[in-house]
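Now for the letters of each chain:
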Amino acid sequence: MKKPLAFLALLFLTAAHLAWAEPARIALVIGNAAYSRAALANPVNDARAMTVALEAAGFRVTTLENASQKAMKQAVQAFAASLDGDTVALFYYSGHGVQHNGANYLIPVDTLENVQNEAQLEYEALDSGYILNAMENSGSRLNLFILDACRNSPFASATRGGQHGLVYMNGSRGTLIAYATAPGTVAYDGQGAANSPYTASLVKWMRQPLPIEQVLKNVLNEVRAATDGKQNPWYAASISSDFYFIAPSGNDTAPANSNITAPPPAISVWEDALHGDWFARLTAWADANHIDADTLPRDRDALLALDLLKLNRSGISELPAEIGALRNLQILDLSDNQLTALPPGLDALPQLQWLNLRDNPLPGDTWSAAIQAGEDTPPPLYRHSVNLED
């Protein structure tokens, strides 16, 4: 009886090991630089640097350089087919990317020969939403989607009123989307340097034993400083646990000058600071201003999870301090309203990365007016904010 029992114990331990094993890490990396016009200096270097960093972090990486539309599509299809419920998926792209009709298009190197304007992109480029959907539909445990793709548009129309940069993308649960710069703004290619400012910082911080969201916050601080506040990386995440490129050993400490910030206080602290009934007051304000539940949910948990709030053209003249309870808020659009003062409570939002205050009757000493007057850096209260003007 000893042999069968030993055999069963071995099977049990083997099954347990498989159940507890880390998911396979699989990545697709693309760097496009050799365009027939508007060629870029660094995307191939960026892709190579990212490949090295990912392989050091245990990823199995497929890398494409100066890829055609056909090669990009085939690579995405093979990438998606390799994913399942026991994988962590990462997609990285460096190169030209433009927005059109609410979609973000990644530009293959052969596209500019056939495309004269953004209207043709649907047929000649690659919709980033197609890639993200393929990753999410695979059932992979975690999807990391990184775009260093907000360079100046290669299309002439972009200089005649076209849209700059990329648009905000929504990911499902288990997805993190990281951009080299804020929506509607342009990232630097890194002329004279080996890599773009964003990728250079990202591969540096990926080597540290830090959660990915802390990595991205450190990248934000570093890129903002390197570009004098002109480029502000951002991300949106719906992930329930920490992901590490390099796992901490237990003896690791934060590197010097890392600009790592402490995690925000628990929401209960802020509820106490707001006298405990912030939810009732915030929803009452929304009702009084005819803001529908699709825009500002009337469910407490949904409000606390909210990362995007578009209150543009809502006719509001003030924003309540209770907005400071929305600790996950990353994007706040207050444009085209009647605000006469900067809304209180925004300094309590640690995740806020993008703020639009355009077309409000704000006095001349506000941040928005300072930007219009040519100031490059917002005041400290809006250290997470980004101006959307050209």
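For clarity, every value in this text was computed on a predicted model and none was experimentally measured.

Visitor: For the pairing of strand β8 (residues 175-179), give the residues involved together with the corresponding values.
Guide: The buried count for β8 comes to five of five residues, which makes it a mostly enclosed element. Side chains Thr175, Ile177 and Tyr179 project from β8 onto one buried face, and the interleaved Leu176 and Ala178 project onto a second face that is buried too. Examined bridge by bridge, strand β7 (residues 142-148) and β8 share five bridges and lie parallel to one another. Within β8, the position partnered with Leu144 by the bridge is Leu176. Here β8 pairs with strand β9 (residues 234-238) via five bridges, running antiparallel. Its bridge partner being in β9, Thr175 is matched across the sheet by Ser238.

Visitor: Which residues make up the packing of helix α2 (residues 43-56) against helix α6 (residues 197-206), and what are the values?
Guide: Two elements in contact, α2 and α6, have axes separated by 10 Å at closest approach and are oriented at 10°. Viewed along their axes, α2 and α6 adopt a mutual orientation that is roughly parallel. Seen from α2, the contacting residues are Asp46, Ala49, Met50, Ala53 and Leu54; seen from α6, they are Thr199, Leu202, Val203 and Met206.

Visitor: Quick rundown of the sheet that holds strand β12 (residues 354-356)? Include the residues and the values.
Guide: If you trace the three strands from one edge of the open sheet to the other, you get β10-β11-β12, paired in parallel fashion. In this open sheet, the two edge strands, each paired with only one partner strand, are β10 (308-310) and β12. Going across the sheet, the axis of each strand differs from the next one's by a mean of 0°, ignoring polarity. With three bridges joining them, β10 and strand β11 (residues 331-333) adopt parallel strand pairing. Counted as the bridge partner of Leu308 is Ile331 from β11.

Visitor: Which residues make up the packing of helix α3 (residues 69-81) against helix α5 (residues 128-137), and what values do they have?
Guide: Where α3 contacts α5, the axes come no closer than 9 Å and their chain directions differ by 15°. Classified by the angle their axes make, α3 and α5 are roughly parallel. Remark: the crossing between α3 and α5 carries right-handed chirality. Facing α3, whose interface residues are Val76, Gln77, Phe79 and Ala80, α5 presents Tyr130, Ile131, Ala134 and Met135. Looking at the contact of α3 with α5 residue by residue, the class counts come to seven nonpolar, one polar and no charged.

Quick notes on the rules
Residues numbered from 1 in each chain as written. Predicted model: local features only at pLDDT ≥ 70, side-chain atom pairs only at ≥ 80, totals over all residues. Heavy atoms only, no water. Buried < 20%, exposed > 50% of the residue type's maximum accessible area, 1.4 Å probe, protein only. Helix = DSSP H or I, 4+ residues; strand = E, 2+ residues; numbered from the N terminus. Pairing = 2+ DSSP bridges. Axes fitted to C-alpha atoms, helices over the stretch in contact; angles between N-to-C directions. Parallel < 35°, antiparallel > 145°, perpendicular 65-115°, else oblique. Contact = heavy atoms within 4.5 Å. Left-handed = near helix turned anticlockwise from the far one by under 90°. Nonpolar A, V, L, I, M, F, W, Y, C, P; charged D, E, K, R; others polar.

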